[in-house]
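Okay, here's what each chain looks like letter by letter:
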Amino acid sequence: MHIFTDGFTSVSLSNGNLRIKLAQNGPDNEPVEVATLILPALTAPNFINGLSHALKQLEEQIKAKQGDPAAQAKGN
């Protein structure tokens, strides 16, 4: 399943699960909820940290391809 999201509308903790309501921009740029991402609360920090790390690596790769000298220095 693929879900496109522009962001989220809320985060809550219920029954040991972290619930993140995902949304897309609708008419007049108003958020429209499209799904709920549910993570066990105990594994949520590892999931979030892993996602953050992956996004930082992706950002470095993009900068390196664009010729950013600072990003290229990190890669060496």
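All values derive from a computational prediction rather than experimental measurement.

What about the overall build of the chain?
Now for step 1: Counting secondary structure elements, the chain contains 2 helices and 3 strands.
Now for step 2: If you list the helices and strands of the chain from N to C, you get β-β-β-α-α.
Now for step 3: Across the 76 residues of the chain, 12% fall into the buried class.
Now for step 4: Contacts spanning at least 24 positions in sequence make up 12% of the contacts within the chain whose residues lie at least 6 apart.
Now for step 5: Surface exposure of the chain reaches about 6100 Å², of which carbon and sulfur atoms provide 56%.

Quick word on the pairing of strand β2 (residues 17–25)
For a regular strand, the rule is simple: side chains alternate between the two faces of the sheet.
Now for step 1: Pairing analysis gives 7 bridges linking strand β1 (residues 7–14) to β2, with the strands arranged antiparallel. Among the inter-strand pairings, Gly7 is bridged to a residue of β2, identified as Ala23.
Now for step 2: What sits between the antiparallel neighbours β2 and strand β3 (residues 31–40) is a turn of 5 residues, in which Asp28 has the positive phi angle 55°.

Overview of the nonpolar core
Now for step 1: Core analysis: the largest hydrophobic core is formed by 6 residues, namely Leu18, Ile20, Leu22, Ala35, Leu39 and Ala44.
Now for step 2: Counting residues per element, the ones that place at least two in this core are β2 and β3.
Now for step 3: Element by element, the count of residues in this core is highest for β2, at 3 residues.
Now for step 4: With near-sequence residues (within four places) excluded, Ile20 lies in contact with Phe8, Ser10, Val11, Ala35, Thr36, Leu37 and Leu39.

Here we look at unusual backbone geometry
Leave glycine aside and you will find that most residues have negative phi; peptide bonds, for their part, are mostly trans.
Now for step 1: Phi is positive for Asp28, close to 55°, though the residue is something other than glycine.
Now for step 2: For Asp28, the location among the structural elements is in the loop between β2 and β3.

A few points about the sheet that holds β1
Now for step 1: If you trace the 3 strands from one edge of the open sheet to the other, you get β1-β2-β3, paired in antiparallel fashion. Each edge of the open sheet carries a strand with a single partner, namely β1 and β3. Averaged over all neighbouring strand pairs, the angle between strand axes comes to 20°, with direction disregarded.

What to know about the environment of Val32
Now for step 1: Locating Val32 in the fold gives a position in strand β3.
Now for step 2: Val32 gets classed as partly exposed once you look at its relative accessible area, which sits at 41%.
Now for step 3: Distance from Val32 to Asp6, taken between C-alpha atoms, is 9.7 Å for residues 26 residues apart in sequence.

A closer look at helix α1 (residues 44–65)
Now for step 1: Between its terminal C-alpha atoms α1 stretches 32 Å, which fits the 32 Å expected from 22 residues at 1.5 Å a residue.
Now for step 2: One or two positions beyond α1, positive phi appears at Gly67, with a value near 85°.

Thresholds applied
- Residues numbered from 1 in each chain as written.
- Predicted model: local features only at pLDDT ≥ 70, side-chain atom pairs only at ≥ 80, totals over all residues.
- Heavy atoms only, no water.
- Helix = DSSP H or I, 4+ residues; strand = E, 2+ residues; numbered from the N terminus.
- Buried < 20%, exposed > 50% of the residue type's maximum accessible area, 1.4 Å probe, protein only.
- Contact = heavy atoms within 4.5 Å.
- Areas by Shrake-Rupley, 256 points an atom, 1.4 Å probe, with all protein chains shown as cover.
- Pairing = 2+ DSSP bridges.
- Core = buried A, V, L, I, M, F, W, Y, C linked by side-chain atoms within 4.5 Å.
- Axes fitted to C-alpha atoms, helices over the stretch in contact; angles between N-to-C directions.
- Expected span 1.5 Å × (residues − 1).

Any functional reading would require information beyond the geometric quantities listed.
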